[in-house]
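A closer look at the structure
Take a look at the letters that make up each chain.
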Amino acid sequence: IVTKFWPSNCKKYLPSYWLITITYCLPFFGTYLFLRNHGSQAWILNGMLVLFLLILITDWLIFFITLILGIIIGVVIYGIFHNEIFIIQKNASGVFSTYIWAIVIGMIFSRNIQKNKEALKERLIAIKILGASIAHELRTPLSSILLGAAAVGKDWHTIISGYKNSIKHKLIKKPISEKRVDKMAEVVADIHTEASAASAFIDILLMNVRQFQAKSIKLTKCSIKQCVDKALERYPFQPYQLKLIRYNSENDFLFKSDETLIIHVLFNLLKNGLYYVAEKGEGEIYIRFEQDERVNKLIFKDTGQGIKKRNLPNIFNEFYSKTPHGAGIGLAFCKMVMQNSGGDISCDSVFGEYTKFTLSFPKYE
């Protein structure tokens, strides 16, 4: 519950803390109280519970290490503090064989669970690779479209000037109406805009599917204002969408992370926020910064459609999405980047009213 409040330099000790905690809470505590209560029926049953819990939350190497270590320490502590000899009750003489059977059964089920987890992991990796491959394949034709649209747009006035001269000298028998000529100019501009937007979203997709590579990100000094400024400058907004942004750049703060990854976190939030505003048919997006003694925060809020309460606990899970355009990897990417930067991201939403994401950053030292 409280590990998210740990100082960032202490979080590297979390695995050790976890091992010590489960060893103390399960095998040690179970063994000590089993002996302290003279192998009562209640503590025989509790011992079964200890074994099953330990099987569920550890792999087999950790299971045997913590189990043996916990039992040994439990017996030693009991022997040191109690001057009585524990003799197991007759009705509990089969307890050890029961425990052995419990371990065997747990091993069978745990093996199946582990196999399913590995199969799921392989499928997720395959989906990510497929997504990256499709995105790469789309990049080539999009680049050609962008270059073509840019070339036509650059020479459009020359083309129109030549066309008008041809009409003037009656070289063209069926001239195009001025309205259609103006429409062609708009189409060229639209092609360039849409292709640019598609290219930008491919970049976002590629960054999201590569999230497993970003777990060892290099932390450098960043400015939150600079990250937001660059995100707003580079995001492929439609002209009307820029009017929806309400950005307060006061209370800038420094933090340690990878600037490119944080910008892509903002890209994902912008994409989702704009989608929910469009779904509702009204709303705005608010971006602001907050500072307090413990953490600094970026608040990203949209007053769009919002997220249903039952969906909120799952939105940061991989491949969980309730939107037609979503693949369920964007917010999982955001969570991974924030946690690997020593911070976190949380979401609060009221369906039909708003969605608010809070990005928490440790104080920069």
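As a reminder, the structure under discussion sits directly above these lines.
Below is a short write-up of the structure. Once a new chain begins, its residue numbering starts again from 1 and follows that chain's sequence as written. With pLDDT at 70 or above as the cut-off, local features in this predicted model cover only qualifying residues; side-chain atom pairs require 80 or more to be listed or tallied, and sums for whole chains, interfaces and linings still use all residues. Hydrogens and water molecules were not included; the side-chain quantities draw on all heavy atoms of the structure.

1. Section: the overall build of the protein
Where we set the bar: The numbering of helices and of strands both runs from the N terminus, where a helix is a DSSP run of H or I of at least 4 residues and a strand a run of E of at least 2. Using a 1.4 Å probe on the protein chains alone, a residue whose accessible area is under 20% of its type maximum counts as buried, one over 50% counts as exposed, and one in between counts as partly exposed. We call two residues in contact when some of their heavy atoms are within 4.5 Å. Each accessible area is a Shrake-Rupley estimate made with a 1.4 Å probe; only the visible protein chains count as cover when residues are assessed.
Scanning the protein from terminus to terminus reveals nine helices and seven strands. When each of the 365 residues of the protein is scored for burial, the buried share is 36%. Considering only intrachain contacts with a sequence separation of at least 6, the fraction spanning at least 24 residues in the protein is 75%. Carbon together with sulfur atoms contributes 61% to the accessible area of the protein, which is approximately 22,500 Å² in total.

2. Some thoughts on the packing of helix α8 (residues 259-280) against helix α9 (residues 330-340)
Short version of the rule: Axes, fitted as lines to C-alpha atoms, cover a helix only where it is in contact. Angles between the N-to-C directions of the axes lie from 0 to 180 degrees. If you view the pair so one helix is near and one far, a crossing is left-handed when the near helix is turned anticlockwise from the far one by less than a right angle, and right-handed when it is turned clockwise.
Closest axis-to-axis distance for the α8/α9 pair is 9 Å, and the angle between their directions is 145°. For the pair α8 and α9, the crossing hand works out as left-handed. Of the residues in α9, those touching α8 at Leu261, Ile262, His264, Val265, Asn268, Leu269 and Asn272 are Gly330, Leu331, Phe333, Cys334, Val337 and Met338.

3. With respect to the packing of aromatic side chains
Our working rule: Geometry of aromatic contacts follows a simple scheme: Phe, Tyr and Trp rings, the Trp one being its six-membered ring, pair when their centres are within 6.5 Å, and the pair is stacked under 30 degrees between planes, edge-to-face over 60, tilted otherwise. Cation placement over rings: the criterion is NZ of Lys or CZ of Arg within 6 Å of the ring centroid and within 35° of the ring normal.
Inspection of the entire model under this criterion finds 14 aromatic pairs. Consider the rings of Phe63 and Phe64, whose centres lie 5.0 Å apart with planes at 75°: the pair is edge-to-face. On the basis of relative accessible area, Phe63 is assigned to the buried category, the value being 0%. One Lys or Arg, Lys301, reaches over the ring of Tyr354 and ends 4.8 Å from the middle of that ring. In this structure, Lys308 packs its charged tip against the face of Phe351, placed 5.5 Å from the ring centre.

4. Some remarks on the environment of Phe300
Here Phe300 shows up in strand β5 (residues 295-302). C-alpha separation for the pair Phe300 and Tyr286, spaced 14 residues apart in sequence, amounts to 5.9 Å. Among residues more than four places away in sequence, those in contact with Phe300 are Leu269, Leu270, Ile285, Tyr286, Ile287, Thr355, Lys356 and Phe357.

5. Observations regarding the side chain of Gln241
Our working definition: Polar contacts, as counted here, are pairs of nitrogen or oxygen atoms within 3.5 Å of one another; within protein the pair requires one atom able to donate a hydrogen and one able to accept it, and residues that are adjacent in sequence qualify only if both atoms are side-chain atoms.
As for its placement among the helices and strands, Gln241 is situated in the loop between α7 (224-234) and β2 (245-247). Separated by 2.8 Å, the side chain of Gln241 and the backbone nitrogen of Gln238 make a polar contact. Ignoring sequence-local partners within four residues, the contact set of Gln241 consists of Pro236 and Leu274.

6. Points about the pairing of strand β6 (residues 344-350)
Stated formally: Any two strands are treated as partners once DSSP identifies two or more bridges connecting them.
Only one face of β6 is covered, namely the one carrying Ile345, Cys347 and Ser349; the face carrying Asp344, Ser346, Asp348 and Val350 has none of its residues buried. Bridging between β6 and strand β7 (residues 354-362) involves seven bridges; their strand directions are antiparallel. Pairing of Val350 across the sheet is with Tyr354, part of β7. Connecting β6 to the antiparallel partner β7 that follows it, the hairpin turn spans three residues, and Gly352 within it adopts a positive phi of roughly 90°.

7. Some points on the sheet that holds β5
Sheet architecture is open: five strands sit in the order β2-β4-β5-β7-β6, paired in mixed fashion. Of all strands in the sheet, those bounded by a partner on one side alone are β2 and β6. Across the sheet, the mean angle from the axis of one strand to that of its neighbour is 15°, orientation sign disregarded. In this sheet, β7 lies alongside β5 in antiparallel orientation, the contact comprising eight bridges. Along β7, the bridge assignment pairs Asn296 with Phe361.

8. Brief notes about helix α3 (residues 60-81)
Rule in force here: A helix is expected to span 1.5 Å for every residue after the first. Our arc is simply the arc of the directions from the helix axis toward the C-beta atoms.
Between the first and last C-alpha of α3 there are 31 Å, a value that for 22 residues agrees with the 32 Å anticipated at 1.5 Å per step. Residues Phe63, Thr66, Leu67, Gly70, Gly74 and Tyr78 constitute the buried set of α3. Angular distribution of buried residues about the axis of α3 spans 100°; they occupy a single face of the element. Exposed residues on α3 whose side chains face more than 90 degrees from its buried face are Leu61 and Ile80.

9. Let's talk about the pattern of salt bridges
Which entries qualify depends on this criterion: Counted as salt bridges are all cases of a side-chain nitrogen of Lys or Arg within 4 Å of a carboxyl oxygen of Asp or Glu.
Counting across every chain of the model gives five salt bridges. A salt bridge links Glu290 to Arg288, with the shortest nitrogen-to-oxygen separation between them at 2.3 Å.

10. Re the packing of helix α1 (residues 14-36) against helix α2 (residues 41-57)
Filter applied, for reference: In these notes the angle categories are as follows: under 35 degrees is roughly parallel, over 145 is roughly antiparallel, 65 to 115 is roughly perpendicular, and the rest is oblique.
Between α1 and α2, the shortest axis-to-axis distance is 9 Å and the interhelical angle comes to 160°. Of the possible angle classes, the one that applies to α1 and α2 is roughly antiparallel. Considering how the two elements wind past one another, α1 and α2 form a crossing that is left-handed. Across the interface between the two elements, Trp18, Ile22, Leu26, Pro27, Phe29, Gly30, Leu33 and Phe34 from α1 touch Trp43, Ile44, Val50, Leu53, Leu54 and Ile57 from α2.

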